[in-house]
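Below, each chain spelled out in residue letters.
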Amino acid sequence: MQELTSTRHNLMIDPNIHIWGWEIPVYLFLGGLVAGMMIISGYLLYKDKYKEPDSSIGLLPLFGIILLSLGMFTLFLDLEHKLYVWRMYMTFRIKSPMSWGSWILILVYPALIANLLIKPPLFLTKRFPKIMYYSSIIRGNQKIVKTISIANISLGIGLGIYTGILLSAFSARPLWNSAVLPLLFLISGLSTASALVHMISKNKHERVLFAKADNVFIGAELFIILLFIIGMLSSAQANIDAIYLILNGPYAAVFWIFVVLLGLVIPLFIQSLSVLNKISHTAVAPILVLAGGLLLRFVIVNAGQFSHWNLSSFIK
Amino acid sequence: MARFGMVIDTVKCVGCMDCVVACKTENNVPEGYNRDWIVQDVRGDYPTLNMEIRTERCNHCDEPPCVSCCPCGASHIHDLGGVVLVDHDKCSGCKACIAACPYDARFIHPDGYADKCTFCIHRVEQGLQPACVSVCPTHCMYFGDLDDPNSEVRKLLASRKNYSLMPEAGTKPQIFYLE
């Protein structure tokens, strides 16, 4: 038996750290979603699918800009010294994933805006007719379209992976200390973005394509979650204690019921039926996938903050 | 180059919290927060229990993850003695350093920046001891240069059995506890 009694009682630190509330999980979810949307729209551009009528390529970059700005706003809300936010852009710290992320976010905007110009939504061109002029220049040159496509795919991958590296670099929190976390967040981002396209696209081919793609991503995500659990269970005692927080500890109910069952397994089942034409395409599965993606970030961020090198002495 | 560190004799520490009060007074630590604190560590099975009392604070690690993760460059290693400090005017309050610290030694000051023990560097630069060390009534705390083989801290570490907190976290802590 070991019992630790501490006189420390710092706000947000004791009895266990809870420094990041809803803002960070929401940002990680939106960042992953936008990363997935960038990769998907990059793919649509590269394969010339954007020329098809009703292609969602017109909406994806616009949604991306709005959702990413929303995500950055939640990041801003999380800062405790808000007026000093500009300090992040006065330096580049090569060892700090957060520094990498803040600069990637700045690079993502021009790529999204260039993407938006390829097939700008009608309400924008009506209001700003000059957009059509730039749009025709870009569309007239295949090289520019391909460059924009590759920029969106590579920055999307960078953004998706970074959201996982941000957490996995904190070795003080054993639950986050996994090399598959960046991959998990990237695939989850691709899955939620596919679900969004499946839900909002007016093009039937696109809907079917992204329902199929989402099924593949959900399958991959389930496999990566399994790898994550196996990796933790076969690691140090601190990691084993940490993974039990979500396997059968305080976060287990949310993880198994809302993330795995309702967020992955059931939508996979529903989408498989709709792909096989047994049932029609509805918004049910995509909404479940999106909610599951959000809750995955909540579980990982909250349980990760709870996890500690000394956890066994706290909970025994 | 000096490498400041601390040696704490757990046999002498009685947990009087004088170090805690001295730190709060010296550094104007806001109410409800602590830069240093007392831990009672009880091990064994009743009735053969073993209790150790120790004073804890930032370990001023040699490989401080709080410094490497900081996106603003606010967390830094001071030129004198490798002391880990926070530049308040650079800190955006992102809390990455708090997540990175395995000792949970940092907190957010009510003014919005990350705060923690400074080894009283403002006193040390004047040739004084950190406030906590200077007031300890049982003289259980020793502060000095770990790089100097003739320093009291090095001699204590050479002569007494000692340990550091959570060396498995890989941060190379510079506070040592004598058993």
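Everything that follows concerns the structure shown earlier in this document.
Not measured: the values here are computed from a predicted model.

Conventions adopted
- Residues numbered from 1 in each chain as written.
- Chains lettered and ligands numbered in written order.
- Predicted model: local features only at pLDDT ≥ 70, side-chain atom pairs only at ≥ 80, totals over all residues.
- Heavy atoms only, no water.
- Helix = DSSP H or I, 4+ residues; strand = E, 2+ residues; numbered from the N terminus.
- Rg over C-alpha atoms; globule rule 2.2 N^0.38 Å.
- Buried < 20%, exposed > 50% of the residue type's maximum accessible area, 1.4 Å probe, protein only.
- Contact = heavy atoms within 4.5 Å.
- Areas by Shrake-Rupley, 256 points an atom, 1.4 Å probe, with all protein chains shown as cover.
- Lys, Arg positive; Asp, Glu negative; His and termini not counted.
- Charge placed at Lys NZ, Arg CZ, Asp CG, Glu CD.
- Buried area = accessible area lost by both parts, 1.4 Å probe.
- Salt bridge = Lys/Arg side-chain N within 4 Å of Asp/Glu carboxyl O.
- Polar contact = N/O pair within 3.5 Å; in protein donor to acceptor, adjacent residues only side chain to side chain.
- Axes fitted to C-alpha atoms, helices over the stretch in contact; angles between N-to-C directions.
- Parallel < 35°, antiparallel > 145°, perpendicular 65-115°, else oblique.
- Left-handed = near helix turned anticlockwise from the far one by under 90°.
- Nonpolar A, V, L, I, M, F, W, Y, C, P; charged D, E, K, R; others polar.
- Core = buried A, V, L, I, M, F, W, Y, C linked by side-chain atoms within 4.5 Å.
- Pairing = 2+ DSSP bridges.
- Phe/Tyr/Trp six-rings, centres within 6.5 Å; stacked < 30°, edge-to-face > 60°.
- Lys NZ or Arg CZ within 6 Å of the ring centre and 35° of its normal.

Caption draft 1: Main features of the overall build of chain A. Across its full length, chain A carries 12 helices and 1 strand. Counting helices and strands in the order they occur from the N terminus, chain A gives β-α-α-α-α-α-α-α-α-α-α-α-α. Relative to the 2.2 N^0.38 estimate, which gives 20 Å for 316 residues, the radius of gyration of chain A is 21 Å and therefore close to what a compact globule would have. Counting across all 316 residues of chain A, residues that qualify as buried make up 51%. Restricting the contact set of chain A to residue pairs at least 6 apart, pairs at least 24 apart contribute 74%. For chain A, the exposed area adds up to about 14,000 Å²; of that, 71% sits on carbon and sulfur atoms. Put simply, chain A has 23 plus and 12 minus side-chain charges, and the middle of one group is 12 Å from the middle of the other.

Caption draft 2: View of the interface of chain A and chain B. Contact residues are listed per partner, giving 38 residues for chain A and 47 residues for chain B. Taken together, the two surfaces of chain A and chain B that pack against each other cover about 3,700 Å², and 55% of this comes from carbon and sulfur. At the surface where chain A touches chain B, the tally comes to 3 salt bridges. E80 of chain A is paired through a salt bridge with K95 of chain B; the nearest N and O atoms lie 2.8 Å apart. For the interface between chain A and chain B, the tally reads 25 residue pairs in polar contact (both at pLDDT 80 or more).

Caption draft 3: Inspection of the packing of helix α7 (residues 181-200) of chain A against helix α8 (residues 204-233) of chain A at higher detail. Residue and element names in this part refer to chain A. Look at α7 against α8: their axes get within 8 Å of each other, and the N-to-C directions meet at 155°. Our classification of the angle between α7 and α8 gives roughly antiparallel. Helix-helix and strand crossings are classified by hand; for α7 and α8 the assignment is left-handed. By residue class, the composition of the contact of α7 with α8 is 16 nonpolar, 4 polar and 4 charged.

Caption draft 4: Here's a closer look at the environment of L294 of chain A. All names here are of chain A. Considering the arrangement of structural elements, one finds L294 in helix α11 (residues 284-306). Judged by its relative accessible area of 26%, L294 falls in the partly exposed class. With 266 residues separating them in the primary sequence, L294 and L28 have C-alpha atoms 8.3 Å apart. Non-local contacts of L294, meaning those with residues more than four positions away in its chain, are made with P25, V26 and F29.

Caption draft 5: Fine view of the nonpolar core. Within the largest apolar cluster, 107 residues are counted, with the highest numbers of intra-cluster contacts made by W20, L159, L167 and F228 of chain A. Among the elements that make up this core, the one with the highest residue count is helix α1 (residues 23-46) of chain A (15 residues). Beyond its immediate chain neighbours, meaning those up to four positions away, L159 of chain A contacts G31, V34, A35, L68, I104, L105 and V108 of chain A. Core analysis: the next-biggest nonpolar cluster, separate from the first, contains 34 residues, V83, Y103, F119 and V133 of chain B among them.

Caption draft 6: Seen up close, the sheet that holds strand β9 (residues 162-163) of chain B. All names here are of chain B. Here we have 4 strands laid out as an open sheet, ordered β8-β1-β10-β9, and mixed in their pairing. Both edges of this open sheet fall to β8 (141-145) and β9, since each of them pairs with a single strand only. The sheet contact formed by strand β1 (residues 4-9) and strand β10 (residues 175-178) spans 4 bridges and is parallel. Bridging from a neighbouring strand, I8 pairs with Y177 of β10. Where helix α6 (residues 152-159) meets the sheet, its contacts fall on β1, β8, β9 and β10, and the angle it forms with β8 comes to roughly 115°.

Caption draft 7: Quick peek at the packing of aromatic side chains. If you walk through the whole model with that rule in mind, you get 12 aromatic pairs over all chains. Ring geometry for W20 of chain A against W176 of chain A: centres 6.0 Å apart, planes inclined by 20°, an arrangement best described as stacked. Of this pair, W20 of chain A sits in the loop between β1 (2-6) and α1 while W176 of chain A sits in the loop between α6 (142-168) and α7, and the two are 156 residues apart along the sequence. Relative accessible area serves as the criterion here: at 1%, W20 of chain A is assigned to the buried category. What makes W176 of chain A buried here is its relative accessible area of 0%. Arranged with centres 5.0 Å apart and planes meeting at 25°, the rings of Y33 of chain B and F107 of chain B form a pair that is stacked. Here Y33 of chain B is found in the loop between α1 (18-27) and β2 (36-45), whereas its partner F107 of chain B is found in strand β6 (residues 107-108), with 74 residues between them in sequence. No difference in accessibility class separates Y33 of chain B from F107 of chain B, as the two residues are buried. A connected cluster of aromatic rings, assembled from ring pairs, spans W20, F170 and W176 of chain A. Note that R8 of chain A overlies the ring of W37 of chain B, its terminal NZ or CZ placed 4.4 Å from the centroid.

Any link to function would need more than the numbers given here.
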